2 protein chains.
Amino acid sequence: MQILVDVMGGDQPPEELVRGGVEIGRLREMEICFAGDGRQIDHAIRSCGERPGRRFHILPCSQVISMQDAPVRSVREKSDSSMVRGLRELRNGTVAAFVSPGNTGAVVAASLLVLGRVRGIPRPAILAPIPTLAGQDLHLLDAGANADCHAEHLLHFARMGSAYAREVVGVDAPRVGLLNIGEEASKGSRLMIKSYTLLEAECPGFRGNIEPHEMLEQRPVDIVVSDGLIGNICLKSIEGGVSAVTGLLRRSIKSSAAAKLGALFMRSVFRDLRYTLSYRERGGAPLLGVNGVVVIAHGRSDAHAIRNAIDSARREVEAGLTECIARTVPPAEVADGI
Amino acid sequence: MQILVDVMGGDQPPEELVRGGVEIGRLREMEICFAGDGRQIDHAIRSCGERPGRRFHILPCSQVISMQDAPVRSVREKSDSSMVRGLRELRNGTVAAFVSPGNTGAVVAASLLVLGRVRGIPRPAILAPIPTLAGQDLHLLDAGANADCHAEHLLHFARMGSAYAREVVGVDAPRVGLLNIGEEASKGSRLMIKSYTLLEAECPGFRGNIEPHEMLEQRPVDIVVSDGLIGNICLKSIEGGVSAVTGLLRRSIKSSAAAKLGALFMRSVFRDLRYTLSYRERGGAPLLGVNGVVVIAHGRSDAHAIRNAIDSARREVEAGLTECIARTVPPAEVADGI
């Protein structure tokens, strides 16, 4: 298996991301292709004690899509970018999956343009892993690919998320919740109320509305669906809450000698906390519903985070994720699908 | 000044809430009227060493609107509930403000029914205080009164929030942000894009989009506006993130002797943390845009929290909040207003 990594456009330099790729390539005995500045990548591979061309390959590209670029326009104009070129390799079947820590909107736009949608899936969605106090992650989709959605889109998200939970995570009968602001079917916006009714009728694993704090504490379901705006607000608010607490802790520890001493005794606690909550351990968010395995890593990804993202792309390829997603579309809808 | 407290329908027993009311009534030398079960309230006032009828009054009511009740129906059917009766006292001018830790949807519905909207304000909104790392709170509205909104509603929220920041908090030139998933004007749903354009044109304090984590870390604005669904999801997600971290900390401290010892040295740090982040210190969320000062306290409010909620109602009455809100409506719209 060969997985392609777009090493440009993230917050970390290409060297850092190549290092993560080389580590996981060695561990899993698989080939990794790095797309981006050829000289930088060549140098980075050699710094890891490897020679380009054996297990580790270079796809030299002259352009970069940055975090500030407008998604659709940059994808159209930068045809020699690591992102567009990398996705073309995936479409041609040269590589089995594509991983990028770059501009999320651009990854979605480029994937739609280059790979296209799975027949019958109206909107691809980003599936984000969320840490919970129950130990196991749950998965939220859509985490930000589609700001405006219809209830039908949420039904597809529920089906795609369930397929992921079953085939990649290994959950027997995935339970699905609707992200909302109350338990009752009448809660939330018109979209939420309509989605509730549709999910109840069409999704066997549906368990009703889930509120954000419930999601983190009890992990009452495996998959949570929402439109991409609410999903993204929820994720960023959780992140904000977590980093507010850790920021406050850090600050008040610094301001007291006794607390500094106490913090020494609590090192293992803080290490556990960082480990449990960090996106670095989570391995990126797959984009479900496009023709190919695409994993969006966090923009801040370092070697360790990108290594986990590549490893989750590998698991998704091995599980035959794209075919699983295609099978979630009922036959009648495949015929209708464009 | 007399403030009325609905002591039924919260998670804590009436005795607890009466205790908080008596404390703040003594401190501020103001009268408090407690609405609810007459015998329980009488007993609670006497347990605090006071005699009913002097500074502390009882409005005996036979019905309770619970957290599980459907808002509109319960308000229509339970005309002798502490909530409906209390709001009638406010409408009649017997009391200056109404505070309730009860069913939020029911408080909104009952306020609309009993007090009515301020002329020219199409939708009342809940203003929630949010703790930030910068020390001072910022305020988010709508925190949950309206799930479906138009851009025009968000403009009214921006004006009402600015009036609150100016007149109650004392901010000279309040800055307003739009809660969104990215900085650029093109980010978010159609509602967000339209709201951005409208706010830019009509709201002098508008500073663009704000993402949830920014809001908590840097406090770049004084007021953040959003529809009630997104506002409520954001609040509950922050709460969830915060309690996930503190829950994890608690658990791992318990599991190690060294960490237990460390935690002893860090007591002041944890006390600071609780203090900074707790809703108990924040004093409830006013419902802006109805004819009267209405404060919604957290359902879990204990004596200390309800005391702060009553105290913030007092500040709002003293600032002439309802009149300030009425002045936010441009004269042309007052004439059009129903």
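Residues numbered from 1 in each chain as written. Chains lettered and ligands numbered in written order. Predicted model: local features only at pLDDT ≥ 70, side-chain atom pairs only at ≥ 80, totals over all residues. Heavy atoms only, no water.

(A) Structural view of the relation of the copies chain A and chain B. For these two chains of identical sequence, chain A goes onto chain B by a turn of 180 degrees and a shift of 0.0 Å along the axis, with RMSD 0.0 Å. What the rotation and shift describe, once combined, is the action of a two-fold rotation axis. Judged by C-alpha distance, Gly-262 of chain A is the residue of chain A that lies nearest the rotation axis, at 1.9 Å. Taken as a fraction of all interface residues of chain A, those also at the interface in chain B reach 100%, which identifies the copy contact as same-surface. (Least-squares fit on C-alpha atoms with pLDDT ≥ 70 in both. Contact = heavy atoms within 4.5 Å.)

(B) Quick look at the environment of Tyr-279 of chain A. Of note, Tyr-279 of chain A is situated in the loop between α11 (267-277) and β11 (285-288). Sequence separation between Tyr-279 of chain A and Lys-254 of chain A is 25 residues, and the spatial gap between their C-alpha atoms is 25 Å. (Helix = DSSP H or I, 4+ residues; strand = E, 2+ residues; numbered from the N terminus.)

(C) Main features of the pattern of salt bridges. All names here are of chain A. Scanning the model with the defined rule gives 32 salt bridges over all chains in all. Note that Arg-46 and Asp-42 form a salt bridge whose closest N and O atoms lie 2.8 Å from each other. Highlighted residues: Arg-46 and Asp-42, both in helix α2 (residues 38-47), separated by four residues, approximately one helical turn. For Asp-80, the salt bridge goes to Arg-85, with nearest N and O atoms at 2.6 Å. Judged by its relative accessible area of 23%, Asp-80 is partly exposed. Here the salt bridges do not stand alone but share partners, grouping Arg-28, Asp-311, Arg-314, Arg-315 and Glu-318 into one network. (Salt bridge = Lys/Arg side-chain N within 4 Å of Asp/Glu carboxyl O. Buried < 20%, exposed > 50% of the residue type's maximum accessible area, 1.4 Å probe, protein only.)

(D) Broad picture of the pairing of strand β1 (residues 2-6) of chain B. Residue and element names in this part refer to chain B. Along β1, five of the five residues are buried, which leaves the element largely enclosed by surrounding structure. Side chains of β1 alternate between two faces, with Gln-2, Leu-4 and Asp-6 and Ile-3 and Val-5 buried alike. As judged from the five bridges shared by β1 and strand β2 (residues 31-36), these two strands associate in the parallel manner. Its bridge partner lying in β2, Val-5 is registered against Phe-34. Handedness of the crossover is the feature at issue here: the chain leaves β1, passes through helix α1 (residues 14-28), returns alongside β2, and the resulting connection is right-handed. (Pairing = 2+ DSSP bridges. Right-handed = clockwise from strand over helix to strand, strands pointing away.)

(E) Structural view of the environment of Arg-190 of chain A. Residues and elements named next belong to chain A. Structurally, Arg-190 is set in helix α7 (residues 190-202). Taking the relative accessible area as the measure of exposure, Arg-190 reaches 60% and is therefore exposed. Arg-190 sits 131 residues away from Leu-59 along the chain, and the two C-alpha atoms are 47 Å apart.

(F) Quick peek at the nonpolar core. Core analysis: the largest hydrophobic core is formed by 223 residues, its most contacted members being Phe-34 of chain A together with Phe-34 of chain B. The residues contacting Phe-34 of chain B, other than those within four sequence positions of it, are Val-5, Val-7, Leu-17, Val-18, Gly-21, Val-22, Ile-41, Ile-45, Phe-56, His-57, Ile-58 and Leu-59 of chain B. (Core = buried A, V, L, I, M, F, W, Y, C linked by side-chain atoms within 4.5 Å.)

(G) Fine view of the packing of α11 of chain A against helix α9 (residues 228-254) of chain B. The contact between α11 of chain A and α9 of chain B brings their axes to 10 Å, and the two run at 140 degrees. Looking at the two axes, α11 of chain A sits oblique to α9 of chain B. Every pair of crossing elements has a handedness; the one defined by α11 of chain A and α9 of chain B is right-handed. Contacts from Val-269, Phe-270, Asp-272, Leu-273, Thr-276 and Leu-277 of chain A of α11 of chain A reach α9 of chain B at Val-245, Leu-248, Leu-249, Ser-252 and Ile-253 of chain B. Among the residues forming the contact of α11 of chain A with α9 of chain B, the class breakdown is eight nonpolar, two polar and one charged. (Axes fitted to C-alpha atoms, helices over the stretch in contact; angles between N-to-C directions. Parallel < 35°, antiparallel > 145°, perpendicular 65-115°, else oblique. Left-handed = near helix turned anticlockwise from the far one by under 90°. Nonpolar A, V, L, I, M, F, W, Y, C, P; charged D, E, K, R; others polar.)

(H) Broad picture of the packing of aromatic side chains. All names here are of chain A. In the structure shown here, the tally under the stated rule is four aromatic pairs over all chains. Taking the centre distance of 6.4 Å and the plane angle of 25 degrees together, the rings of Phe-34 and Phe-56 count as stacked. Taken together, the positions of Phe-34 in strand β2 (residues 31-36) and Phe-56 in strand β3 (residues 56-60) put the pair 22 residues apart, joining distant regions of the chain. Accessibility assignment for this pair places Phe-34 and Phe-56 in one class, buried. (Phe/Tyr/Trp six-rings, centres within 6.5 Å; stacked < 30°, edge-to-face > 60°.)

(I) Representation of the interface of chain A and chain B in the model. Tallying the contact residues gives 48 residues for chain A and 48 residues for chain B. For the pair chain A and chain B, the summed buried area comes to about 4,400 Å², and 76% of that belongs to carbon and sulfur atoms. By the criterion of area lost to chain B, the three top residues of chain A are Leu-133, Ile-181 and Ile-233 of chain A, representing 14% of everything that side buries. Counting the contacts that link chain A with chain B gives two salt bridges. (Buried area = accessible area lost by both parts, 1.4 Å probe.)

(J) Here's a closer look at the domain arrangement of chain A. Residues and elements named next belong to chain A. When the domains of chain A are assigned, the result is domain 1 (1-121 + 289-338) and domain 2 (130-281). On the domain 2 side, the residues contacting the 19 residues of domain 1 number twelve residues. Roughly 1,500 Å² is buried in total at the junction of domain 1 and domain 2, and carbon and sulfur atoms are behind 62% of that figure. Looking only at domain 1, the three residues that lose the most surface to domain 2 are His-298, His-304 and Thr-328, adding up to 26% of its buried area. The interface formed by domain 1 and domain 2 holds zero salt bridges in total. On the surface where domain 1 and domain 2 come into contact, there are one residue pair in polar contact (both at pLDDT 80 or more). Where the side of domain 1 that touches domain 2 is concerned, the elements lending two or more residues are α12 (303-318) and α13 (321-327). Broken down by element, the residue count for the side of domain 1 that touches domain 2 peaks at four residues, all from α12. Residues of the side of domain 1 that touches domain 2, tallied by class, amount to eight nonpolar, seven polar and four charged. (Domains from an automatic or database assignment. Polar contact = N/O pair within 3.5 Å; in protein donor to acceptor, adjacent residues only side chain to side chain.)

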